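Listed below, chain by chain, are the residues.
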Amino acid sequence: MTESLIETSARADSRAIAARFAALSHPARIEILKRLSASRCCSCREVVDHLDLAQSTVSQHLKILVEAGLVRFEADRQRSRYAIDHAALAGVSASLRELVNSCCSSR
């Protein structure tokens, strides 16, 4: 039995949404997003300066946020820069709102 294109697409969307939620599931990553939101963009060092975490730990958390599409990465000769992808975060918010509405609409 073959899946319809719509079902396949819906499953892919669910995976993408789950990956973004997973990226948001660590308190350090929430703090990193807060720090990034306070500036237009930051280097890893600037984020480390505001958190009580090792540079390698912050780098790993930034990598997860970038891979999830929540943070943009720009390579620079001296320092790589990170910035929040506001459209992606708005998409997470919309996805959560849709999920809550679909689960609670029958009450």
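Before reading further, recall that the structure is shown in the block above.
What counts as what
Residues numbered from 1 in each chain as written. Predicted model: local features only at pLDDT ≥ 70, side-chain atom pairs only at ≥ 80, totals over all residues. Heavy atoms only, no water. Helix = DSSP H or I, 4+ residues; strand = E, 2+ residues; numbered from the N terminus. Contact = heavy atoms within 4.5 Å. Buried < 20%, exposed > 50% of the residue type's maximum accessible area, 1.4 Å probe, protein only. Phe/Tyr/Trp six-rings, centres within 6.5 Å; stacked < 30°, edge-to-face > 60°. Core = buried A, V, L, I, M, F, W, Y, C linked by side-chain atoms within 4.5 Å. Pairing = 2+ DSSP bridges. Axes fitted to C-alpha atoms, helices over the stretch in contact; angles between N-to-C directions.

Draft legend 1. Representation of the side chain of Ser 43 within the structure. Along the chain, Ser 43 falls in strand E1 (residues 42–43). Setting aside residues up to four positions removed in sequence, Ser 43 forms contacts with Arg 79, Ser 80, Arg 81 and Tyr 82.

Draft legend 2. Examining the environment of Leu 53 more closely. Here Leu 53 is to be found in the loop between helix H3 (44–48) and helix H4 (55–67). Looking at Leu 53, the relative accessible area reads 30%, which means it is partly exposed. Along the primary structure Leu 53 and Ala 28 are separated by 25 residues, whereas in three dimensions their C-alpha atoms are 8.6 Å apart. When residues no more than four places from it in sequence are discounted, the contact partners of Leu 53 are Ala 28, Val 48 and Val 58.

Draft legend 3. Representation of the packing of aromatic side chains within the structure. Under the defined criterion, the tally for this structure stands at one aromatic pair. Considering the side-chain rings of Phe 73 and Tyr 82, the 5.4 Å spacing of their centres and the 50° angle between planes classify their relative orientation as tilted. Looking at Tyr 82, the relative accessible area reads 12%, which means it is buried.

Draft legend 4. Up close: the nonpolar core. Counting 19 residues, the largest nonpolar core has Ile 32, Leu 36, Val 47, Val 58, Leu 62, Leu 65 and Leu 70 as the members making the most contacts within it. Where this core is concerned, the elements lending two or more residues are helix H2 (27–37), H3, H4, strand E3 (81–84) and helix H5 (86–104). Look past the residues within four positions of Val 47 in its chain and what remains in contact with it is Ile 32, Arg 35, Leu 36, Cys 42 and Val 58.

Draft legend 5. Up close: the sheet that holds strand E2 (residues 71–74). Judged by pairing direction, the sheet is antiparallel, and its three strands sit side by side in the order E1-E3-E2 without closing on themselves. With partners counted over all chains shown, the strands left at the sheet margins are E1 and E2, one partner each. In this sheet, E3 lies alongside E2 in antiparallel orientation, the contact comprising four bridges. Counted as the bridge partner of Phe 73 is Tyr 82 from E3. Sheet strands in contact with H2 are E1, E2 and E3, and its direction is about 95° off that of E3.

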